[in-house]
Amino acid sequence: MNSILVTGGAGFIGSNLIIYLLDTYPDCRVVNLDKLTYAGNSENLADIQGHERYNFVHGDIGNSELVNYLFESFSIDAVMHLAAESHVDNSISGPEIFIQSNVYGTFVLLDTAFRYWMDGPFKCKPGFEKCRFLHVSTDEVYGSLGETGLFSETTPYAPNSPYSASKAASDMLVRSYFHTYGMNTVITNCSNNYGPRQHNEKLIPTIIRNALKGAPIPIYGDGKNVRDWLYVTDHCRGLELALRKGKSGETYNIGGKNEWQNISIARLICRNLDIKRPRNDGSSYEEQLTYVADRPGHDLRYAIDASKIETELGWHAHESFESGMEKTVDWYLNKYVSAV
Ligand SMILES: NC(=O)c1ccc[n+]([C@@H]2O[C@H](COP(=O)([O-])OP(=O)(O)OC[C@H]3O[C@@H](n4cnc5c(N)ncnc54)[C@H](O)[C@@H]3O)[C@@H](O)[C@H]2O)c1
């Protein structure tokens, strides 16, 4: 039985991942280490509370004593590392915690895994040969694209925000543990995720919440920034495949070939809400769209070339954008309607 340490499992992707893992693999144990920052929400995991193969541990990935205790107590043989400060705007107003959690926290996890799984550089302890560290990262490490082109695994890193810089630094630490110590690592860099359980502060929940409240729906700059959107469960499937079948030391980009300008996503959601929950005055939610001052250093376009994970690991997105967005809007309608 795999004993998987998932970090950041009370957040958006982590909670979807843990539910996916427990549903899909009847023989894995999941230990979720989460600090429950403002972005973590135990409610995200309410459905699996008390599950016999699930343990929640409230704590910080930067606490080496605690992390070491978890490796020993649960005989951890795989890490899926998602815990991070993840909001670009917060990294602009307060970058320090991004360095603490995303860089130092990743170091503590790597170093603990190295000591628990290995006797020294390139020497696994007997029985620990298959242990693997999967590091979950973002396409934002590659910087910004112009109107054409795609990020591939060989695109040079060019992070532009303190958030993406901290993720890039953590990717480099993981790379160094592979090259210097021979640790079994895999890195994934994924595009923007959407789906249930995302924090209120992110784009899609903000659009839906403000629409329902009758408040202005803020759109940064001219709304023409482009992101490549992937349904969260498709990301989780990619992570699990990379953990199980990825090649040690490799990086896999994950993305949905699904580019949208922010303003077009906002319009699509408004039209969806117009049908599902029309405004009392009969006009469209699009009337609430309001352009606001752009985010400093706002990257213009991200788009992923996912052909490596598709051809080497057989991954492809299952969810169409229409079906994924339908599920997403329904989920947030259910969450917000009672609150507005
Ligand atoms: N959301 C996306 O679109 C996206 C895309 C690509 C990659 N990623 C990466 O995926 C990972 C998860 O993203 P998300 O959107 O679910 O983030 P999130 O902000 O929703 O969740 C992050 C979780 O990490 C926890 N956490 C933060 N600091 C911690 C610490 N020091 N110790 C323990 N727990 C801590 C928080 O409490 C929270 O539960 C991140 O590493 C992010 O960089 C996200």
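Described in the following lines is the structure provided in the data block. No experiment lies behind these values; they were computed from the predicted model shown.

Considering the site of the ligand
In the region of the ligand, 28 residues are neighbours, and Ile13, Asp34, Ser86, Tyr163 and Lys167 sit closest. Between Ile61 and the ligand, the recorded distance is 3.0 Å, taken from a backbone N or O atom to a nitrogen atom. Starting from 840 Å² of accessible surface for the ligand in isolation, the protein chains cover 96%. Elements represented by at least two residues in the shell around the ligand include exactly helix 1 (12-24), strand 7 (132-138), helix 5 (162-181) and strand 9 (192-194). By residue number, the principal contributor to the shell around the ligand is strand 7, which donates three residues.

Topic: empty space enclosed by the protein
Per the counting criterion, the structure on display carries two cavities of 30 Å³ or more. Put simply, the largest cavity is a space of about 60 Å³. Forming the boundary of the largest cavity are Val88, Ile92, Glu140, Asn160, Ser161, Arg227, Arg295, Pro296, Gly297, His298, Asp299 and Tyr302. Considering only residue class, the lining of the largest cavity consists of four nonpolar, four polar and four charged.

Some remarks on the packing of aromatic side chains
Per the counting criterion, the structure on display carries 17 aromatic pairs. A ring pair is formed by Phe71 and Tyr116, whose centres lie 5.6 Å apart and whose planes are at 65°; its orientation type is edge-to-face. A residue pair is termed long-range when its members are at least 10 positions apart, and Phe71 in helix 2 (residues 64-74) and Tyr116 in helix 4 (residues 96-117) qualify at 45 residues. Members of the aromatic cluster, joined through ring pairs, are Tyr194, Trp229, Tyr231, Trp260 and Phe321. Note that Arg227 overlies the ring of Tyr302, its terminal NZ or CZ placed 3.9 Å from the centroid. In this arrangement the basic side chain of Lys308 is found over the ring face of Tyr252, its NZ or CZ atom lying 4.9 Å from the centre.

Here we look at unusual backbone geometry
One non-glycine residue, Leu36, lies in the positive phi region at around 50°. Along the chain, the position of Leu36 falls in the loop between strand 2 (29-34) and strand 3 (54-58). Relative accessible area serves as the criterion here: at 27%, Leu36 is assigned to the partly exposed category. A positive phi angle, close to 75°, is found at Arg197, a residue other than glycine. Along the chain, Arg197 falls in the loop between strand 9 and helix 6 (203-213).

Digging into the packing of helix 6 against helix 8 (residues 262-276)
One can describe the packing of helix 6 onto helix 8 by two numbers: an axis separation of 10 Å at closest approach and a directional angle of 45°. Considering their axes alone, helix 6 and helix 8 lie oblique with respect to each other. In this structure, helix 6 crosses over helix 8, and the sense of that crossing is right-handed. Contact with helix 6, carried on its side by Leu203, Ile204, Ile207, Ile208 and Ala211, involves Asn262, Ile265, Ala266, Ile269 and Leu273 of helix 8 and no other residues of that element. Within the contact of helix 6 with helix 8, the residues separate by chemical class into nine nonpolar, one polar and no charged.

Quick notes on the environment of Asp119
In this fold, Asp119 is placed in strand 5 (residues 118-120). The class for Asp119 is exposed, based on a relative accessible area of 55%. Sequence separation between Asp119 and Lys213 is 94 residues, and the spatial gap between their C-alpha atoms is 57 Å. In this structure, Asp119 is in contact with Cys124, Lys125 and Pro126, ignoring residues within four places of it in sequence.

Here is what the cut-offs are and how they apply
- Residues numbered from 1 in each chain as written.
- Predicted model: local features only at pLDDT ≥ 70, side-chain atom pairs only at ≥ 80, totals over all residues.
- Heavy atoms only, no water.
- Near = heavy atom within 4 Å.
- Polar contact = N/O pair within 3.5 Å; in protein donor to acceptor, adjacent residues only side chain to side chain.
- Areas by Shrake-Rupley, 256 points an atom, 1.4 Å probe, with all protein chains shown as cover.
- Helix = DSSP H or I, 4+ residues; strand = E, 2+ residues; numbered from the N terminus.
- 1 Å grid on protein atoms, 1.4 Å probe; cavity = no way out; pocket = protein on both sides within 12 Å on 5 of 7 lines; lining within 4 Å.
- Points joined across faces, edges and corners; volume = space filled by probe spheres on them.
- Nonpolar A, V, L, I, M, F, W, Y, C, P; charged D, E, K, R; others polar.
- Phe/Tyr/Trp six-rings, centres within 6.5 Å; stacked < 30°, edge-to-face > 60°.
- Lys NZ or Arg CZ within 6 Å of the ring centre and 35° of its normal.
- Buried < 20%, exposed > 50% of the residue type's maximum accessible area, 1.4 Å probe, protein only.
- Axes fitted to C-alpha atoms, helices over the stretch in contact; angles between N-to-C directions.
- Parallel < 35°, antiparallel > 145°, perpendicular 65-115°, else oblique.
- Left-handed = near helix turned anticlockwise from the far one by under 90°.
- Contact = heavy atoms within 4.5 Å.

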